[in-house]
Each structure stands twice: as structure tokens, then as C-alpha cells.
4 protein chains.
Amino acid sequence: MSTVAFIGLGIMGAPMAGHLLAAGHDVIGYNRSPAKVETHVARGGRAASSAADAVRAADVVITMVPDSPDVEDLALGEDGIYANAKPGTLHIDCSTIRPDVARRIAEAGAERGVRVVDAPVSGGEAGAIEGTLSIMVGGADDDVAAARPYLEAMGSTVVHVGPPGAGQTVKAANQLIVAGNIQLLAEALVFLEAHGVDTEAATRVLGGGLAGSAVLDRKAAGMRARTFAPGFRIDLHHKDLGIVTAAAREAGVAIPLGAHVAQLVGSLRAQGYGGLDHSALLLQVLQLSGRAEDEEPGRTES
Amino acid sequence: MSTVAFIGLGIMGAPMAGHLLAAGHDVIGYNRSPAKVETHVARGGRAASSAADAVRAADVVITMVPDSPDVEDLALGEDGIYANAKPGTLHIDCSTIRPDVARRIAEAGAERGVRVVDAPVSGGEAGAIEGTLSIMVGGADDDVAAARPYLEAMGSTVVHVGPPGAGQTVKAANQLIVAGNIQLLAEALVFLEAHGVDTEAATRVLGGGLAGSAVLDRKAAGMRARTFAPGFRIDLHHKDLGIVTAAAREAGVAIPLGAHVAQLVGSLRAQGYGGLDHSALLLQVLQLSGRAEDEEPGRTES
Amino acid sequence: MSTVAFIGLGIMGAPMAGHLLAAGHDVIGYNRSPAKVETHVARGGRAASSAADAVRAADVVITMVPDSPDVEDLALGEDGIYANAKPGTLHIDCSTIRPDVARRIAEAGAERGVRVVDAPVSGGEAGAIEGTLSIMVGGADDDVAAARPYLEAMGSTVVHVGPPGAGQTVKAANQLIVAGNIQLLAEALVFLEAHGVDTEAATRVLGGGLAGSAVLDRKAAGMRARTFAPGFRIDLHHKDLGIVTAAAREAGVAIPLGAHVAQLVGSLRAQGYGGLDHSALLLQVLQLSGRAEDEEPGRTES
Amino acid sequence: MSTVAFIGLGIMGAPMAGHLLAAGHDVIGYNRSPAKVETHVARGGRAASSAADAVRAADVVITMVPDSPDVEDLALGEDGIYANAKPGTLHIDCSTIRPDVARRIAEAGAERGVRVVDAPVSGGEAGAIEGTLSIMVGGADDDVAAARPYLEAMGSTVVHVGPPGAGQTVKAANQLIVAGNIQLLAEALVFLEAHGVDTEAATRVLGGGLAGSAVLDRKAAGMRARTFAPGFRIDLHHKDLGIVTAAAREAGVAIPLGAHVAQLVGSLRAQGYGGLDHSALLLQVLQLSGRAEDEEPGRTES
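Remember, predicted model here, so these are calculated numbers, not experimental data. The numbering scheme is per chain: residues are counted from 1 as the chain's sequence reads. To label them, take the chains in the order written and letter them from A, then take the ligands in the order written and number them from 1. pLDDT decides what is reported in this predicted model: residues at 70 or higher carry local features, side-chain atom pairs at 80 or more are listed and counted, and totals for whole chains, interfaces and linings draw on all residues regardless. Derived side-chain values reflect all non-hydrogen atoms in the structure, with water molecules and hydrogen atoms excluded from consideration.

**So, the interface of chain B and chain C**
Right, so step 1: Between chain B and chain C, the residue contacts involve 13 residues of the former and 12 residues of the latter.
Right, so step 2: Here's the idea: put two parts together, see how much 1.4 Å probe accessible area each one loses, and the total over both is what we call buried area. Interface area lost by chain B to chain C is led by H238, R249 and Q263 of chain B, which between them contribute 51%.
Right, so step 3: A pairing counts as a salt bridge when a side-chain nitrogen of Lys or Arg comes within 4 Å of a carboxyl oxygen of Asp or Glu. On the surface where chain B and chain C come into contact, there are zero salt bridges.
Right, so step 4: Any N or O atom pair separated by 3.5 Å or less is treated as a polar contact, with the protein-specific requirement of one donor-capable and one acceptor-capable atom, and with residues adjacent in sequence counted only for side-chain atom pairs. Connecting chain B to chain C are four residue pairs in polar contact (both at pLDDT 80 or more).
Right, so step 5: Looking at the side of chain B that touches chain C, the elements that each hand over two or more residues are α12 (234-251) and α13 (256-273) of chain B.
Right, so step 6: Throughout, the ten residues Ala, Val, Leu, Ile, Met, Phe, Trp, Tyr, Cys and Pro are labelled nonpolar, Asp, Glu, Lys and Arg are labelled charged, and all others, Gly among them, are labelled polar. Looking at the side of chain B that touches chain C residue by residue, the classes come out as six nonpolar, five polar and two charged. Contacts between residues were defined by any pair of non-hydrogen atoms, one from each residue, lying within 4.5 Å. Secondary structure is summarised from DSSP: a helix means a run of H or I of at least four residues, a strand means a run of E of at least two, and numbering begins at the N terminus for each.

Written as C-alpha cells, this is what we have:
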């Protein structure tokens, strides 16, 4: 069993660290808000008072934090991982960040003798709790092989998709597809409601054919019921679509529908719905169709 | 067992009529090109020399023809179904047509004592051959109940979604979602290729999470291999998206992504690719990304 | 001087008929609401009790009505123009309708010995009052030459753009450009406001360069001041964009931005703003940017 | 008369520097390629061997370079302007760059006693040669007043639009409107051609109404004739639309049409047309409409 530093014990990170504990690892947790660390200790983990502190004794460092600058600070900062890790330490970054930042981190790690793997996850809070995350992994063959046992403790689908950064690229593609599929389902549902169709029956038959999707299976019922508790927040999806559009622009790739839905997600957020689940794209379709009148979805602070 | 008139023995209609024969019905087939009728007879069916001829003796009439005007002519024409059917005949229209035309047909049928059900199908040629079509049914409760045994002989998912026209409305929503999901997958694949990612592995991991869909399961491999034999032709999807955008406009429903993908499908068709499978939307994303140079997809007459 | 039947004495038609009176013509007016006819008589015109009545004595018939079905009824109806006009009558249709309907009308006229010209106008109520309309004319050379004196009495730019229907096609293109230019200006203004820029100064400098346009000259001040009294109503522009998108689809022409702005105009209308000027597209950009909170634009019945 | 350092003697910079010479100023020119400096000397200017060299003796420094990093290097680099300028020097940046970079530069200048004004221009090569540029100026009142005489030597419309960065923000809005107006005109022209309309006549009548614009006045003839020599290159407009979309995202402003046209410009560039004038958006509309077959526009290196 290994000593694992786990940095970032939020909604996703906490249950992921729990699976590593359950697998018998010695998991040293660190989080900016100490309450999260206490919970981790209550589950059998150890506490660290700083990222540097967590890293020093670890064989493996796993990070699960919100955005590119967070990972950059953690990896490259003076009190960060690469300045304090033992030579040969394996850094698995499960955050969703920009592919170019992932590549830069990996290069910086190599210079310091740290092996770096990008391993963003898909599946949400439920997948994290159940250990059924899909994990898209970028890195050198050896490093990914070394990371695999830890990843398989947290997810049910672990796929090596390419060199460093490739995991983030696939995650970006994932977020493009998911946002678009949700928006299309939202348009379809409002279209059906407006025509007086039974959307429960319609969803059943749509799900049986070529229109079927995980989005339809998991989100349609909530959209029909107008329940938009996250789940995955519009704020985060907005951040991720910024990554997709920038990476597509950099590569000269046309993403007409992707860029379009990025605007729609940005609008929903600008209107104050950033804290709702991404399936709340339905609210905006209702609004744009003049059908939101009697619906009061409860704005949240974003 | 019943006497069924089956009008329209094309790629979809022929195997559908075959399932009714297999279920023991007396199926009188009619098609404009006589060769299709001969094949039907060779399978144990009977031949009719005209639609009127087929209809006169039938308890049930099933139509499976390309577009709204075809159904209108068949149903309402001088030599058509309603002018020749026995009182109480059940007309099941499996074509994909405009919801407002479906409603108009149903009203005209009612005036002539013909019970009309709209029952468009999803699942393509494979679904028709295997008898696993998804069928979305609009009509009065009694009429749908009367139609169900025939529909269940041809499909594995038969759902009553609302009053006359509702089946077509759900089919329109289906086509909106499918076109959009294909376009999003195309954008994601080109994005991944441009970044040098292993798309086979990527597709596997995408399919395991919230980005998973029937489109990804059934179309991604062909798109990666650049094989676009239909399947479901761009020409037909273009027709169907015309129905969706018109019906959304009529209802005052915003379908921003739907209208956008309708333009993209129209462009692909205008460029001469109308005869390819709808997954050929990938070709256009390659073109718009300056990556189509070395790919020669073989235009087809549309 | 000629005897002119003028059918449709609304906001646009009344001042247009006035210019013909001022030019010395004998103008027989007809309108469904008699009050409009009385005003016409008070200005020196003559009254007709029906369209047929107006037409019988006329050398020239001018129609200025809302939509394609109105023109079809007037031209082709039992009590309509072609059933009652003298052989050789010249029919000038100034309405904005579908190009294919304009062509059909022209053919029907030819069969009855009526010469038909489509001559939709641009310039709004102000242009109608001032006699400075731009008029785009479709028809045979001789017929357009015959129509020119009447058109020049009502407009300052009269251009023959092609065969029957061509005037309507150019008007459709006009409406595509205008809607798009307004939406782009709306996006630019909200962008500038959000960044704290002086939009009065900005509008001045934008107007001096390649971003300058009639839309900017005539609409920016009202948009900055949030005054959206029509002018040209969203309801009508929505109708016209339906014509554009249908005609583009028919011709296989890609209008990605045109189809996009058609959705945005449709959304504004669906939200109850159909009675406002088309420059009210600004309101929707504010809404989508989360900046509409304190602005209460007063919905109107559409 | 003042001593002016002019850095960046390209297609735009050279004639702009010429106007300052004509106004009697002592203009010290610097450009990376020495040939441009020689031409400047031949016109009566003086030569500098480096940016630092040019700046040391100057009262005013004007920069006219391609992109944000170029200005950042020039302003903030070790051998750059702020490290070498006399206290109180006025830096006028006429480049088109990101508003946030312009603000950062202005702050850095203030710390070094350099007064900074952002003054991007519109009007193209012709405007630069004729001295009729539109110039949108951001900066403190005093600094803009000090810059005005120099700007008025180069442009005919000089408008102070707000604090530092505001000039760039207005330029970004300008580029949004221009790209969109060109795309809309392209769609309209292809639509008209497809319907067999005389586009010369159509352009005349469109220009007289609410669809009239500087884009239509200056670009329609070239688009009809398929001549796309720059002018303003797609490559540069692509860069500028990157600025617009990033700045809109930062401010939470919805620019649906702007983001859409940014994709279309990016696609044209990805297809190898980056060196053509931005009016070449027409080529892509032709392509998407299946009408590009017989047109061979001569790709350029981008």
C-alpha cells in the first residue's frame, strides 16, 4: 500500500479520497478549509497542514481543484508540490483544466523528477460516491500504468487516451458534447410541451432510438419536473466551455454548435443561474419561447 | 388475422410488411415501382395494381412514403384511401410528415369514417429488418389500441404519446436531437484528431459518461473510419429538419441549436452530399477546419 | 392623369396614396376599416365600397397589405382584382410577400390580361410620409416602365432588379441584412456599456468608419435611450424573416447568420415584444447578459 | 514641433508617419526590417537602430504593431519604451490589442511617469494614406488632449471614448460589427444570385434604405466581382474577433451573432484564406451553398 497525498477534498475529492482509504492506502488529506480535512480524518485518513506538508512523505500526489490557476499554483508554487516532492513522485491531476496548462505542468514536473499524469473525471458527485467515474488519462505509458491502480479505485472506466494533456483534451470534448446534448434536449422538451405532447411518454420512446443518450436518461426527468439542484453547476460548465473554445481556436477547429452553446451557457450564468445544474438550460429555452412566465426557478448566487 | 393494405414497399416498408406477413396477416402490397411488389408477392404477400385497389378489401391500411404531399395525395386523392376504404378502416401512417398535415389527415379521415393514427418510426433500415423500431404514436385511445398489434409486429418500443399529430411531433423532436448530437460528436472528433488524441480510446471513455449516446455508440466508428454509406440520408434529415423548424416557428418555440444544425445539414446537402448518411456532417466540420484536403469522400447525386 | 385604385390605406398606404393624389391622379381608395377610407376622401380621394368596386374603373391598381395570403385573396379571389379588372390593367403590389407567391400572382395576372409588378418598399413610415421610399421592383421591362411614374411619386429610389418576384427577393435580402445589422449593433452597445464606455462618443466614431450603417445612424440613439416605439414592428420583421429563411431553403443557400437572427427575433416576439420596434433586439441582448434587471420596457400586445 | 518616435512602419504605420512628417514634426522611425526605415528616411524622417534608441530623444512615442504581445514587449521590455523614455513622455498606441492589456500598459506607464493613450484606428490602408482614419481614443482627459494634434494629423475623426482601454474596447466593437455586416451582405448576395436577381441593381436599392452601410458601399462591388485582395486580412480580423469574444466573456455579455461570425472567420482562415480580404467571407457562403464549384479564388499563405 502507498502513501497518497490528496489535495482538494471538496464534493468530488472527498469521496474519491474515501475510495483510496477503502483500498487500504495511507491517505494524507489537505484542503484550504480545515473542516473538510477533519471529515477526512474521521474516515480514517491523516491530516496535513499544508500542501507541502502533505506532499513531502507521499509516493503519489492527487489533486482535485477547481481551475487551471489552482493547479499551476499547487504544482509550481514555492510551497507547492514539485518543490517539495521526493524524486520519482507520481502526480495525478484529476482537476479539469486547460490542455496546454496540463502539458506545461507535465514538462515542469519532468524537470524536477516528478512524473505527471492528467486524469480528469466524468460522472459527477454520484459517480464519485459510487466509484463509477469515467477517467480519461493523458501521460507517458509507464506513468499511466503506475497511476492506474489508484484511478481504478475511484472509477469504473479508466482509459489512456494519449500523451500529457490528452486527458484534458478528451474532457474538453466531453463537456462540449454534454452541454450541447442538454441544450438540444431542452429545445426538444419545450417544443413537445408547446405542442401539448405527453413528455413522459415522449422521453420513453426517444430514449429507445437514435436520440437516446445518457443526458436523456439522467436529466430529462428533472427537466420535466423543473428541479435543477446540482449536480454539475452552470458556473463550472461555463469555465469548461471556455477551455473548449480556446483549445479549438488554438487548433483551428470549427465548433459552430459548441461555440453557440457556450454563448447560451454564458447567458444563463450572466442571468444569475450559475449555481444551478447545467440541465437548467431548459429555463432559458422556456424564457426565449415566452413560456417562463409562471415558473420561478429560484435564482442562486453564482 | 386481418387483411392489411401496405402502401410503400421501399427500404423501410418492405421489411415492415414482411413482419406483418410473418405474423400471419394477409398483406396486400402496393408500390409505384412494380418490382417492389413482386418481391412482396415472392415473400407470400398479395399484389395490388393501385392504392385504391389495395385499400378496398382491407381492414387496416399502412402507409410508408417519403413526405407530406405523398401522404396527402394517398389519403385525400380521388383514387386515394379515404375515397375507397370501407367504413371503420384503420389507417396507420408510418411516414415522417408535418404534424399539422397529420392532424389535417386525421380530421379528413374522421369525416369519412376512417380512423387515423400517426405512427412514425425511428431505428433505420436495421431496426426495420430486425423488427426493433421505436414507434411514436399519435391518435385517439381506441384507435391507438386497435393499431398496437400491428405496430408491435414491426417495432419493439411502441409508445402512445398524445392525440393525432403527436407522433409526428415527437418524431420531429427526435430528428432535432439526432442531428444535433451527430454534429456535436463530429465537432468533438475533429477537435480530438486535431490535438493528436487517440479517438478510439477517447470514444470508449466518452461513451461511459454523461457524453454517452446512441449516436456515439452507432456512428462514432464509422465517422472515425470515414464511411458514410446510408443509413439515414442527409436528404431525408434535411426534409425532417424543415418540419421541425416550421413546427417550432408555428408554436413560438426557440430552437437556437436546432435551427443552427438545420443550416449545417442544408449546407452539406447543397454541396452534393445529400445521398450520404447523416453522420457525414463530420465531412463538413473537417472542411470548415481546413482538414478535408486529403479526404475524398465521393460525392453522390442527391 | 390616371385612375388609380389603392387598396390598403394603413400606416404606409395612406401617405403613399396621398402622394399619388398630390401628383394629380384620381385615386379610389379601399380599406377594410372604413375610417381609413374617410380620411382618404378628406384628402381629396374617392371612396370604394369593396376591392372589386375600386378596381373596375381603374387603369392602375396598387395593393399595400400585410402578408402573402392577403395579396393572394385580393388578386385571385372571386371578388378580387383579376376577376374585375379591365384588360391591360397594371397591378403594382407594394406589400412584402413571399417571392414564390409574387411569381404565382404574376402568372395568374398574365392569364387574365393583367400586368403585374412586385414593388415592395423600404424606408418605413417616415419614408412613406416624406416620399423617400426605396422601392425594389420586379417585373417585365414594359410593365416596370409603366409602373415607374407611380412609384417615383412615392419613393426617391426606384430600381428595377429583375423579373417578377425579384423585387420581393431583394426585399427579403434587405430584411435579412437589417435584422442582422440591428442585432450586431445591439451586441456592440451592450458590450460597450458593460465595459463602461461612453456609447454616445463610441457611436460617433463607429459611424465614421467601416462599421457605419443606416441602422447605426437611425437606430443607435433610440437604443441607447431605450425607446422602442415603432417604427417597424418585431411582428412584421418576424414574418419577413420567415420569408427569407423559406426562400433560402428553397434555393439551397446557406444563411447561417440570417437563420440565427431569425431565431432571436422569434424569441423576442414569443416573449411578448412583437409590438415594439425591431431595435428592441437590444432588450434581449441585455436580458441574455443579465443586465435587464432594472429596465422595464413595457411589453405590448403583439 | 515635436520629436516623435514612430515604431512600426508597416502598411499602416508608414503613411501615418508620413502625415506627421508633413505636419512638420521630427519623426524618428524604427522598424524591425530596416528597408522600411530607409523609406522613412527617404521621406525626410530620421532613423533609429532600436526602439530604445528611437524613444530616448522623443517627446511622443507612437506604436503601430500587430498584436498584444508586441505592444507589451515594446512597452515593458528591458530595452523597451518605458525603460528608456524621458519622464513625461506621451505614448500613443495605435495598434489593435486587448483592452485589458491596454489598461495594464497604461498602469505600468503611470508608474514610470509615462502618459499612455490607446488610439486604435479604423479605415484601412486607404484611410491611412489619405489621412482620413477614424481614431477611437482611451485615456485620461489631459493625455488625450495632448495626443489630439498628432492624431488629427493622421485621421479625420478623433473621438475620446473613455478611460485607458476604452479605445480598444470600441475598436473591438467595431470589428464585431464589421465582420457581422460583411457576413450578412455575403449571405444576401449569394441569396440574390441564387434567385437570379441582378445584384448590381439590388445593391443600389439596398444601399438607399435601412440596409445601407459602409460595408455595402465599399465591399459589395468587389464581392460581386470576386476580387478579394486585401484590404484588411482575414488573419487580422480573426485575431481581433478573438479579442472581442474574450472581452465579452470577461464582462458576461452575450454576443450570439458575434461568436457565430467569429467561428465563420476562423473557418475561412483554417481553410487557407487568411491572406484574403475579410470580404472573402463570401467565398465560404458560396461553398456552404454548393455554389463554389467553378470559382477558384486562389488560396494564399496565411
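That covers the picture; the talk isn't over yet.
**Some remarks on the domain arrangement of chain A**
All names here are of chain A.
Right, so step 1: If you check the domain split of chain A, you get domain 1 (3-164) and domain 2 (169-288).
Right, so step 2: The interface is formed by 12 residues belonging to domain 1 together with eight residues belonging to domain 2.
Right, so step 3: Summed over both partners, the interface of domain 1 with domain 2 comes to about 970 Å²; 61% of that surface belongs to carbon and sulfur atoms.
Right, so step 4: In this assembly, domain 1 and domain 2 are joined by one salt bridge.
Right, so step 5: The salt bridge involving E250 is made with R103; its shortest N-O contact spans 3.7 Å.
Right, so step 6: Between the two partners, domain 1 and domain 2, sit four residue pairs in polar contact (both at pLDDT 80 or more). Domain start and stop positions are those given by an automatic or database domain assignment.

**Regarding the UniProt feature "domain: 3-hydroxyisobutyrate dehydrogenase-like NAD-binding" (unreviewed entry) in chain A**
Right, so step 1: Following the UniProt record, one finds the feature "domain: 3-hydroxyisobutyrate dehydrogenase-like NAD-binding" (unreviewed entry) at residues 165-282 of chain A.
Right, so step 2: A distance of 32 Å separates the end C-alpha atoms of residues 165-282 of chain A, which is 75% helix and 0% strand. UniProt positions are given in the numbering used here, feature names are shortened, and annotations may be inferred rather than shown by experiment.

**Focus on the relation of the copies chain B and chain A**
Right, so step 1: To line up the copies, we fit them by least squares on C-alpha atoms, keeping just the residues with pLDDT of at least 70 in both. If you rotate chain B by 180° and push it 0.0 Å along the axis, it lands on chain A with an RMSD of 0.1 Å. What we have between these two chains is a two-fold relation. Relative to the rotation axis, the closest C-alpha in chain B is found at S213 of chain B, a distance of 1.9 Å.

**Some details on the UniProt feature "active site" (unreviewed entry) in chain A**
Residue and element names in this part refer to chain A.
Right, so step 1: UniProt marks K171 with the feature "active site" (unreviewed entry), using the numbering shown here.
Right, so step 2: On the basis of relative accessible area, K171 is assigned to the buried category, the value being 6%.
Right, so step 3: Excluding residues that lie within four positions of it along the chain, K171 makes contacts with T96, P120, V121 and M136. When accessible area is computed with a 1.4 Å probe and restricted to protein chains, residues below 20% of their type maximum are described as buried, those above 50% as exposed, and intermediate ones as partly exposed.

**Topic: helix α9 (residues 166-194) of chain B**
Residues and elements named next belong to chain B.
Right, so step 1: Compared with the 42 Å implied by 1.5 Å per residue over 29 residues, the 42 Å span of α9 between its first and last C-alpha is a close match.
Right, so step 2: With 27 of its 29 residues buried, α9 lies for the most part within the structure.
Right, so step 3: Backbone geometry just after α9 places G196 at a positive phi near 75°. Expected span, for any helix, means 1.5 Å times one less than how many residues it has.

**Comments concerning the environment of A147 of chain C**
Right, so step 1: Tracing the sequence through the fold places A147 of chain C in helix α8 (residues 141-154).
Right, so step 2: Leave out the neighbours within four places in its chain, and A147 of chain C touches L90, I92 and V117 of chain C.

**Digging into helix α10 (residues 199-207) of chain A**
Right, so step 1: T199, A201, A202, T203, V205 and L206 of chain A are the residues of α10 of chain A that are buried.
Right, so step 2: The inward-facing, buried residues of α10 of chain A contact α9 (166-194) and α11 (214-225) of chain A together with β8 (133-138), β9 (155-162) and α9 of chain B.

**Here's the deal with the interface of chain B and chain A**
Right, so step 1: Facing the 64 residues of chain B at the interface are 64 residues of chain A.
Right, so step 2: Between chain B and chain A, the buried area comes to about 5,400 Å², and carbon and sulfur atoms account for 74% of it.
Right, so step 3: The largest share of the area that chain B buries against chain A comes from F191, L210 and L257 of chain B, three residues that together contribute 15% of it.
Right, so step 4: Joining chain B to chain A, the criterion identifies zero salt bridges.
Right, so step 5: In this assembly, chain B and chain A are joined by 15 residue pairs in polar contact (both at pLDDT 80 or more).
Right, so step 6: Residue assignment for the side of chain B that touches chain A shows that the elements contributing at least two residues are β8, β9, α9, α10 (199-207), α11 (214-225), α12, α13 and α14 (281-288) of chain B.

**So, the pairing of β8 of chain B**
When a strand is regular, its side chains alternate between the sheet's two faces.
Residue and element names in this part refer to chain B.
Right, so step 1: For β8, the tally of buried residues reaches six of six residues, placing the bulk of the element in the interior.
Right, so step 2: Every second residue of β8 is oriented toward a common face, with L133, I135 and V137 on one face and S134, M136 and G138 on the other, all of them buried.
Right, so step 3: Two strands pair if DSSP finds at least two bridges between them. Sheet topology note: the strand β7 (residues 121-122)/β8 ladder contains two bridges and is antiparallel. Across the sheet, residue S122 finds its bridge partner in β8, namely S134.
Right, so step 4: Of the pairings in the sheet, the one linking β8 to β9 comprises six bridges and is parallel in character. Residue pairing in the sheet places I135 in a bridge with V158 of β9.
Right, so step 5: By definition, the crossover connecting two strands over a helix is right-handed if that path, from the first strand to the second, turns clockwise as seen with the strands pointing away from the viewer. Note that the unit made of β8, helix α8 (residues 141-154) and β9 has a crossover that is right-handed.

**Some points on the relation of the copies chain B and chain C**
Each of the two chain copies can be generated from the other by rotation about an axis followed by a shift along it.
Right, so step 1: Rotating chain B by 180° about the axis while translating it 0.0 Å along that axis superimposes it on chain C, leaving an RMSD of 0.0 Å.
Right, so step 2: When the interface residues of chain B are mapped onto chain C, 92% of them again lie at the interface, so the same face is used by both copies.

**So, the environment of V37 of chain B**
Residues and elements named next belong to chain B.
Right, so step 1: Within the fold, V37 resides in helix α2 (residues 34-42).
Right, so step 2: For the pair V37 and Y150, spaced 113 residues apart in sequence, the C-alpha separation works out to 20 Å.
Right, so step 3: Not counting residues up to four positions away in its chain, the partners in contact with V37 are L9, G29, Y30, N31 and A47.

**Some thoughts on the pattern of salt bridges**
Residues and elements named next belong to chain B.
Right, so step 1: A full pass over the atoms with the stated rule returns 52 salt bridges over all chains.
Right, so step 2: Note that D277 is salt-bridged to K219, the shortest N-O span being 3.0 Å. With D277 in the loop between α13 and α14 and K219 in helix α11, this residue pair connects regions lying 58 residues apart in the sequence. Like K219, D277 is buried.

**Quick notes on the pairing of strand β1 (residues 3-7) of chain A**
Residue and element names in this part refer to chain A.
Right, so step 1: Burial within β1 is extensive, with five of its five residues counted as buried.
Right, so step 2: Judged by which residues are buried, β1 turns out to be covered on both faces: T3, A5 and I7 on one side and V4 and F6 on the other are all buried.
Right, so step 3: Examined bridge by bridge, β1 and strand β2 (residues 26-30) share five bridges and lie parallel to one another. Residue pairing across strands places T3 opposite D26, the latter belonging to β2.
Right, so step 4: The β-α-β motif built from β1, the intervening helix α1 (residues 13-22) and the parallel element β2 has right-handed crossover chirality.
Right, so step 5: Bridge count for β1 against strand β4 (residues 60-63) is four bridges, and the pairing is parallel. Residue pairing for β4: V4 is matched across the bridge by V60.

**Quick look at the packing of helix α12 (residues 234-251) of chain A against helix α12 (residues 234-251) of chain D**
Right, so step 1: Axis lines are fitted through C-alpha atoms, for helices just across the contact stretch, and the angle between N-to-C directions can take any value from 0 to 180 degrees. Interaxial distance between α12 of chain A and α12 of chain D falls to 13 Å at its minimum, and their mutual angle equals 175°. When the axis of α12 of chain A is compared with that of α12 of chain D, the two are roughly antiparallel. The segment α12 of chain A lies against α12 of chain D, with H238, K239, G242 and R249 of chain A engaging H238, K239, L241, G242 and R249 of chain D.
Right, so step 2: Grouping the constituent residues of the contact of α12 of chain A with α12 of chain D by class yields one nonpolar, four polar and four charged. Comment on the angle field: the value is read as roughly parallel under 35 degrees, roughly antiparallel over 145, roughly perpendicular from 65 to 115, and oblique elsewhere.

**Structural notes on unusual backbone geometry**
Most peptide bonds adopt trans geometry, and most residues besides glycine take a negative phi value.
All names here are of chain A.
Right, so step 1: Cis geometry is adopted by the peptide bond preceding G231, which originates at P230 and carries an omega value of 0°.
Right, so step 2: Its location among the elements puts G231 in the loop between α11 and α12.
Right, so step 3: Despite not being glycine, R226 shows a phi value in the positive range, around 60°.
Right, so step 4: Counting through the fold element by element, R226 comes out in the loop between α11 and α12.

**Focus: the side chain of S267 of chain A**
Right, so step 1: Mapped onto the secondary structure, S267 of chain A falls in helix α13 (residues 256-273).
Right, so step 2: Assessed through its relative accessible area of 3%, S267 of chain A is described here as buried.
Right, so step 3: Among residues more than four places away in sequence, those in contact with S267 of chain A are Q284 of chain A, L288 of chain C together with A254 of chain D.

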